[in-house]
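Working through the structure, step by step
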Amino acid sequence: MTPPSGADHADDPRRLREQVDEARAQLGDTVAELAAKADVKAMAHRKTAETREQAHYAAAVAAERGRENRGPLLAAGAVAAAVAVWLLGKRYGKW
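Procedures and definitions
Residues numbered from 1 in each chain as written. Predicted model: local features only at pLDDT ≥ 70, side-chain atom pairs only at ≥ 80, totals over all residues. Heavy atoms only, no water. Helix = DSSP H or I, 4+ residues; strand = E, 2+ residues; numbered from the N terminus. Buried < 20%, exposed > 50% of the residue type's maximum accessible area, 1.4 Å probe, protein only. Areas by Shrake-Rupley, 256 points an atom, 1.4 Å probe, with all protein chains shown as cover. pLDDT = per-residue confidence, 0-100. Salt bridge = Lys/Arg side-chain N within 4 Å of Asp/Glu carboxyl O.

This part is about the overall build of the chain. Scanning the chain from N- to C-terminus turns up three helices and zero strands. Starting at the N terminus, the α and β elements of the chain follow one another as α-α-α. Taking all 95 residues of the chain together, the buried fraction comes to 3%. Of the roughly 8,700 Å² that the chain leaves accessible, carbon and sulfur atoms contribute 61%.

For the chain, the average pLDDT comes to 83, and 87% of its residues sit at 70 or higher. When mean pLDDT is compared element by element in the chain, helix α1 (residues 13-38) scores highest at 90, while helix α3 (residues 70-91) scores lowest at 87.

Our next topic: the pattern of salt bridges. Throughout the structure, instances matching the rule amount to three salt bridges. For the salt bridge of Arg15 with Glu18, the shortest nitrogen-to-oxygen distance reads 3.7 Å. Taken as a pair, Arg15 and Glu18 lie in helix α1 at a separation of three residues, close to a single helical turn. Of the residues examined, Glu18 reaches a relative accessible area of 48% and is grouped as partly exposed. Between Arg24 and Asp21 there is a salt bridge; the shortest N-O distance is 3.9 Å. You can see Arg24 and its partner Asp21 sitting in helix α1, three residues apart, about one turn around the helix. Taking the relative accessible area as the measure of exposure, Arg24 reaches 58% and is therefore exposed. A relative accessible area of 45% means that Asp21 is categorised as partly exposed.

What follows is the structure in structure tokens.
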């Protein structure tokens, strides 16, 4: 039996080079992904930036809601002030 001839043959040097190049590219991608996962400092910076962005968004939403609903906010503030005055008066013997 004679081996088949042509570009699709497994022993063809061009085909082998293509397979090696493809394997190298895949290995390079894998190494880059592993290096990114191992870079703890960069991950911490990314997480900090994400958390900061979420906090800014939450603050903006809370501020907007506060502007829309000032009545309950003012009432809660008044109650808190009254409780603080009462506690201070009780502590220092005014009541």
